[in-house]
Amino acid sequence: MWGAGTDASVYINIYGEIGDSGERKLRKSNNLNKFEKGKEDVFTVSAIDLGVLKKLRIRHDNSQLHAAWFLDRVEIIDSKDDTTYYFPCKRWLAVDEDDGQIARELVPVDEAFMKKGDDADEDDEDDEGSSSATLGLEQKAMSTTFTMKVKTGDKKYAGTDSNVFAILYGTKDDTGIIMLKSSKLHKNKFEQGMIDEFTVEAVDLGTLKRIRIGHDNSGTAAGWFLDWVEVNAPSLGQKLKFPCGRWLDKGEDDGAIVRDLYPAHLQTELYTPFVPYEIKTFTSDLFAAGTDADVFIVLYGRDGVCTQQRALCVNKRERTMYFERGAEDMFIVELEDVGDVIEKIRIGHDNRGINGGWHLDRVEIRRLLRKGKGSETVIFPCERWLAKSEDDGETVRELVPSEIITEKLQRDGTLKVNEIEVEDALETHTYKVSVMTGDVYNAGTDANVFLTIYGDLGDTGERKLSKSETNSNKFERGAVDQFVIEAVDLGQVFKIKIRHDNSMLSADWYLDQVEIVDEDSEEVFLFLCERWLSRKREDRRIERMFYVKGYEGEREPIHSREKSSALILKSVDSNMNKKNKKVKDEDIQEESTIIPYHLTVSTGAEKDASTGSRVYVIIMGSNHARTERLWLDLTGGKKGFESGSLESFVSHGADVGEIKKVELGHDGATPESCWLVDELAVAVPTKGVKYIFQCKCWLAKDRGDGLTARVFNVLDAESITISQKIIYEVTVVTGDVQNAGTDTQIYISVFGANGTTEEILLQKNEDRFERGQEDTFSLEVDDVAPLRKMRVRIDGSGSRPDWFLNKIIMRNLTTEEVSLFTYEEWLSKTKGPKRAMICEMAAVVDEEEMVEITTYIIQVKTSDIGGAGTDANVWIIVFGECGDTGTLALKECQKSNKFERKQTDVFRFPDMFSLGELSKVRVWHDNSGPAPGWHLEYIDVKDEILDKTFRFPCDRWLAKNEDDGQVMRELACANNDILDLNEKTTDTDDAETKENVWIALEGRKGRSKEFVMENSSKKKRFLRGSTDKFEFSSKQLGDIASICLGHTPKDGKKVKGEAFWHVEEVVVIEKELGNRFIFICNALIPLSSKRDEFVTIECTKAIESFASKARSLVPVKYEIIVITGDEKGAGTDANVFITIYGSNGDSGRRTLRQKFRNLFERGQTDRFLLEMLDMGELLRVRVEHDNTHLSPGWLLDRVEITNMANGVTTIFLCGKWLDTKKADGQISRVLYPKY
């Protein structure tokens, strides 16, 4: 080969099983001028016996002018027992050739392989034998190739011009000094902020433990700031990160210019190891057959297993050298293992260079056998052009194997060669792709469109849709474009990935549908898309995945980060916590339930408090239960945890029972990656508890105590009770009608017998709520079961605001109860019969509807007082047993002028779900019109199905300038006062008696007289194990606290001897409201004729009925104190709203306003009086502002709410910003009470 010889000094080191010879310079040869082209030089090296030889390291020092050296092979004859070792190399040792290395480690191969190579050289006429067999594949398999990426810091003067070297140390050996001369990525190496890539080959290092990297301090700007080194070893399947983050500079830091780096365990990635393939391309011997384009290849195994797309050349020099007319080029690449059979390959090029077209004759792929010594070669014939201007204009071809040649080393040292024709190769199919652009304004695109088709046997790779058979101007509004794609049989096509490159002026594209016809099998696959691919609309994505119509399997969004983190999670456990190995494995066997954890992390406000490292949390419970590492990966393109930021995450981990400790840490290992954590909050919705840890500490290598992970004990945290959630599996079914899908915001609220949830936003997650789809996800919902109905609301935002909702199914994962909500209609302002953006659906459980349809007739009576009428718009919400009606506008009415003095207005609301018993109404107006003040006397609500009218008296002003200035009132139902049927029922369980029994009830308001429960011979009572019922009337007693039970003889005779009556349980039911009082007695009542001998039993459980709860709703004044924080810019001029949630419901959103006062200023305390119906125990408050006026940002310190009726004060701590520019950018916060 031209220029193969070298004048540099050559050094060799021979390694055997017993030891090594040390590095020797090769001085005396049989030729005067050593290492010349085509010559063989013989040297003698004397050393102690090394045993069987394992490898040798040969290098030159790159001195003299012609240093580049192409080494064919080294042969070593062990003179002791006359064995010959062959160390083939067949590679350059040169800075500017191949991979730039001037040192090589070689491994010995069997003589038979060498012979085979020599034979082939001699009989060159025989074309089938592989000429000059290159044994690179065998050597690649025995050595490890490391790809080193070196990152120079992004600081001033960080780069260096010195000569940089590295040494890799493994458990068994090291690589020796490697000069990092030729970077694959840059000519000028180690410049500021750049990453350089180098290839290092080594034999048998063992596990990589550390690297030493340094420079020789030569050149003008020698100082170097090294950020990190990443070493990727595909054949071992691991990628190690060695953080440095320090200067290698005589005048900076500690003055060292050589540093030892160790791997950061948390940044280690493990994956399936790669295997070496030898790929040979044969360019045809035709005019202009060669190419300088970038050639790439993908290998496919069975079931669609494939390698990544790999370019065969690394740089421009190689591209010009290879793929010439009639040439045969060999590449050894490490790729994923595709299994025993290579079904097909895809080879193509990017058509760059002057003459991009390429005529490929065939491709041969050789790989080692899994068992035994030998290899198999698979031949893929092509014999076609890959050119824009020839054949069909395609630059990508898919090839299938025609024959397989196996070479196996026999026991006697000969090679057995075996050729088989491939019978059952996949056929090449033609796919006709029709792309339909939507018929909406600006739907067409001029950008380049790329399509990938996926089937169960593999995929087509990304193909550019360049030549439309139907239109010269492709992808115009309402048009259908047809393309032909040739590919090896894909089997059942199930998804496509389609994207455009956002080029040209009008790139936004509305894709309606894609139809793919397999012309060979005549199968048709339809993909309903109906989405924008645009940087301006919807979720601003220009790449989308679509599944075939009627697809049942799992769907995964394109941009899911799950894949990468799964790799890392796996690795972490293998490298970390070696002490707890045993414990861990036991834990994993018991499958624990996975529950959501809500984590919020706030970073300190100091200048360098932020970090770009990955942060994780581990949650630990009692007896070694712990979650795996929960990585808190930031979304939305955030670079890191900024100082002063507040980030929220939802992670899913094992249920560890009661939380004992929480570990917080990050994977940064350089001095740069310091992080100041202010506060960590861990909420467990399924347990209804939240812990707030005031961390206020550095997690940094060079700050504080140098730890990058800390364990916090729950005993030091503040524990807060939050609303407990139940996890439901929710399935949302979107209708299969045109344009049914949406990207609007969808909110649902669920109504149950035990309350109502807040509105929950359903996450779009890229591709949910599309036409004909069923989307299943889990949702945390307040425990309101049994479910009664659901309300769905859309806000009409987005590029496609209309949605056709078919049904929603909710499955309670604890009780497995399934509720079905069916709608089958549009939610839209413009489509469908209702033209509504809100809908209600009844829950259907076991084919039974949980709520009935009714008509509500609402009568509104305005008082007979001067100026009582109003012209404002009035709204009302009615609350009852099964939730509420939602906001009803009091608009449609017989009278044109509504709400005038002494007038009754009637409003009909047909097709509403009956709420059962009503408890309250909330009524308000918008204070518009000339005379908005309104004096309301009462409201009557009639439920036609129950045929019952509920009255809500008011008799107060709803006016800004009358009474207490509120324009919103809550009115309690007053029906219950009319019905005073005071009968009580008692159920008694006993062990028998023939005598009489009496009972007296003690209530909070008084004591009843004694009721005798008589036993007669006709009607025998109190028999063993029986339950008897009695009914009495009594005066109003209030809640019953205790009962007195006596046991008297029937005829008042004296009692002889002892007799007892054993009573187990007494239940007292108050008939009017249905309250139940349960007394568990298990008592022996002695028989006695005296009236003062009885047993008193306290009430064990009182169950309050809905009607009774509704009755206890009385108006209560609440004093709300709002304290603004004392920091710069803490005050706000925005309008502030508060919603209070209690055990009796919520207050509605109330404005906090006062006349003639500047509210919510820095360090200020503001007081407000609001009158509401008794809220019961206060559970949480929501505080928000509308972000208006000049400086809306607000630092809320806390809210204190006092119930003026009983004097109970509840404190809600906040201490967070409500500011779009600070912390997490939220202007609404939910606060829980501090106890």
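Residues numbered from 1 in each chain as written. Predicted model: local features only at pLDDT ≥ 70, side-chain atom pairs only at ≥ 80, totals over all residues. Heavy atoms only, no water.

**Student:** Residues and numbers for the overall build of the protein chain, please.
**Tutor:** Looking only at helices and strands, the protein chain features six helices and 82 strands. Considering the protein chain, the positive charge centre built from 169 side chains and the negative charge centre built from 217 side chains are found 6 Å apart. (Helix = DSSP H or I, 4+ residues; strand = E, 2+ residues; numbered from the N terminus. Lys, Arg positive; Asp, Glu negative; His and termini not counted. Charge placed at Lys NZ, Arg CZ, Asp CG, Glu CD.)

**Student:** Describe the environment of Leu 787, naming the residues involved and giving the relevant values.
**Tutor:** The topology assignment puts Leu 787 in strand β49 (residues 787-794). Residue Leu 787 is classed as buried on the basis of its relative accessible area, which comes to 2%. With sequence-adjacent residues up to four places away left out, Leu 787 is seen in contact with Tyr 728, Val 750, Phe 751, Gly 752, Met 810, Ser 819, Phe 821, Ala 843 and Met 850. (Buried < 20%, exposed > 50% of the residue type's maximum accessible area, 1.4 Å probe, protein only. Contact = heavy atoms within 4.5 Å.)

**Student:** Report on the sheet that holds strand β26 (residues 428-437), specifying residues and quantitative values.
**Tutor:** Here four strands make up an open sheet; going across it, the order is β30-β26-β32-β33 and the pairing antiparallel. With one partner strand each, in any of the chains shown, β30 (480-488) and β33 (523-533) form the two edges of the open sheet. Averaged over all adjacent pairs, the angle separating strand axes in this sheet is 20°, with direction ignored. Sheet topology note: the strand β32 (residues 509-518)/β33 ladder contains nine bridges and is antiparallel. (Pairing = 2+ DSSP bridges. Axes fitted to C-alpha atoms, helices over the stretch in contact; angles between N-to-C directions.)

**Student:** Quick one: what's the story with a negative patch on the surface, residue by residue and with numbers?
**Tutor:** Together, Glu 419, Glu 421, Glu 423 and Asp 424 make up a negatively charged patch on the protein surface. Among the structural elements, Asp 424 can be located in the loop between β25 (415-421) and β26. (Patch = residues over 30% accessible without salt bridge, like charges linked within 9 Å, V, L, I, M, F, W, Y side chains within 5 Å. Areas by Shrake-Rupley, 256 points an atom, 1.4 Å probe, with all protein chains shown as cover. Salt bridge = Lys/Arg side-chain N within 4 Å of Asp/Glu carboxyl O.)

**Student:** Can you break down the pattern of salt bridges residue by residue, with the values?
**Tutor:** What the rule picks out here adds up to 93 salt bridges. Lys 55 is paired through a salt bridge with Glu 105; the nearest N and O atoms lie 3.1 Å apart. Highlighted residues: Lys 55 in strand β3 (residues 53-60) and Glu 105 in strand β6 (residues 103-106), separated in sequence by 50 residues. Each member of the pair, Lys 55 together with Glu 105, is buried. Residues participating in the shared-partner salt-bridge network are Arg 531, Glu 538, Asp 539, Arg 541, Arg 544, Lys 764, Glu 770 and Arg 800.

**Student:** Tell me about the sheet that holds strand β82 (residues 1233-1234), and please be specific about residues and values.
**Tutor:** Taken in spatial order, the five strands of this open sheet run β77-β73-β79-β80-β82, and their pairing is antiparallel. Each edge of the open sheet is held by one strand with a lone partner, namely β77 (1165-1173) and β82.

**Student:** Run through the packing of aromatic side chains, naming residues and quoting values.
**Tutor:** Under the definition given, this model contains 29 aromatic pairs. Chaining the aromatic ring pairs together yields one cluster made of Tyr 322, Phe 323, Phe 331 and Trp 358. It is Lys 1222 that lies over the ring of Trp 1217; its NZ or CZ is 4.0 Å from the centre. (Phe/Tyr/Trp six-rings, centres within 6.5 Å; stacked < 30°, edge-to-face > 60°. Lys NZ or Arg CZ within 6 Å of the ring centre and 35° of its normal.)

**Student:** Break down unusual backbone geometry for me, with residues and values.
**Tutor:** With a phi close to 60°, Glu 522 is a non-glycine residue in the positive phi region. Its location among the elements puts Glu 522 in the loop between β32 and β33.

**Student:** Give me the confidence of the model for the protein chain: which residues, what numbers.
**Tutor:** With 93% of its residues at a pLDDT of 70 or more, the protein chain has an overall mean of 85. Predicted confidence for residues 120-133 stays below pLDDT 50, and this span has 13 contacts to residues more than four positions away or in other chains. Here residues 976-985 is a poorly scored stretch, pLDDT under 50, and it has 36 contacts once near neighbours within four places are set aside; other chains count. (pLDDT = per-residue confidence, 0-100.)

**Student:** An account of the nonpolar core is needed here, citing residue identities and associated values.
**Tutor:** One finds Tyr 597, Ile 619, Ile 659, Leu 664, Leu 680, Val 682 and Phe 693 to be the most contacted residues of the largest nonpolar core, which totals 31 residues. The dominant element in this core, judged by the number of residues it contributes, is strand β41 (residues 689-699), at six residues. Within the second largest apolar cluster, 30 residues are counted, among which are Ile 746, Met 790, Ile 794 and Tyr 823. (Core = buried A, V, L, I, M, F, W, Y, C linked by side-chain atoms within 4.5 Å.)

**Student:** Outline the side chain of Lys 55, listing residues and values.
**Tutor:** Residue class for Lys 55 comes out buried when judged on its relative accessible area of 5%. Within the structure, Lys 55 has its side chain in polar contact with the side chain of Glu 105 (distance 3.1 Å). A distance of 3.1 Å separates a polar atom in the side chain of Lys 55 from the backbone oxygen of Val 203. (Polar contact = N/O pair within 3.5 Å; in protein donor to acceptor, adjacent residues only side chain to side chain.)

**Student:** Summarise the environment of Lys 39; cite the residues concerned and give the values.
**Tutor:** Tracing the chain through its elements places Lys 39 in the loop between β2 (24-25) and β3. The spacing of Lys 39 and Asp 72 is 33 residues in sequence and 10.0 Å in space, taken between C-alpha atoms.

**Student:** Please give an account of the pairing of strand β16 (residues 275-283) that cites residues and values.
**Tutor:** For β16, a buried count of eight out of nine residues is recorded, marking the element as mostly surrounded by other parts of the structure. By the bridge criterion, eight bridges tie β16 to strand β19 (residues 328-335) in an arrangement that is antiparallel. When the bridges of β19 are listed, Lys 280 appears paired with Met 330. Pairing of β16 with strand β21 (residues 358-368) involves six bridges; the strand directions are antiparallel. Each residue of the ladder has a partner; that of Glu 278, found in β21, is Arg 366.

**Student:** Which residues make up the environment of Val 997, and what values do they have?
**Tutor:** Residue position: Val 997 is located in strand β65 (residues 996-1003). Its relative accessible area of 0% is what places Val 997 among the buried residues. Each C-alpha atom, one on Val 997 and one on Phe 1022, is 9.0 Å from the other, the two residues being 25 residues apart in sequence. Beyond its immediate chain neighbours, meaning those up to four positions away, Val 997 contacts Phe 1011, Val 1012, Met 1013, Phe 1022, Gly 1046, His 1047 and Trp 1061.

**Student:** Requested: an account of the state of the cysteines, with residues and values cited.
**Tutor:** Enumeration according to the criterion identifies zero disulfides in this entry. Cys 882 provides the cysteine sulfur closest to Cys 839, a residue in no disulfide bond, and the two sulfurs are 17 Å apart. For Cys 839, a relative accessible area of 4% gives the class buried. (Disulfide = S-S within 2.5 Å.)

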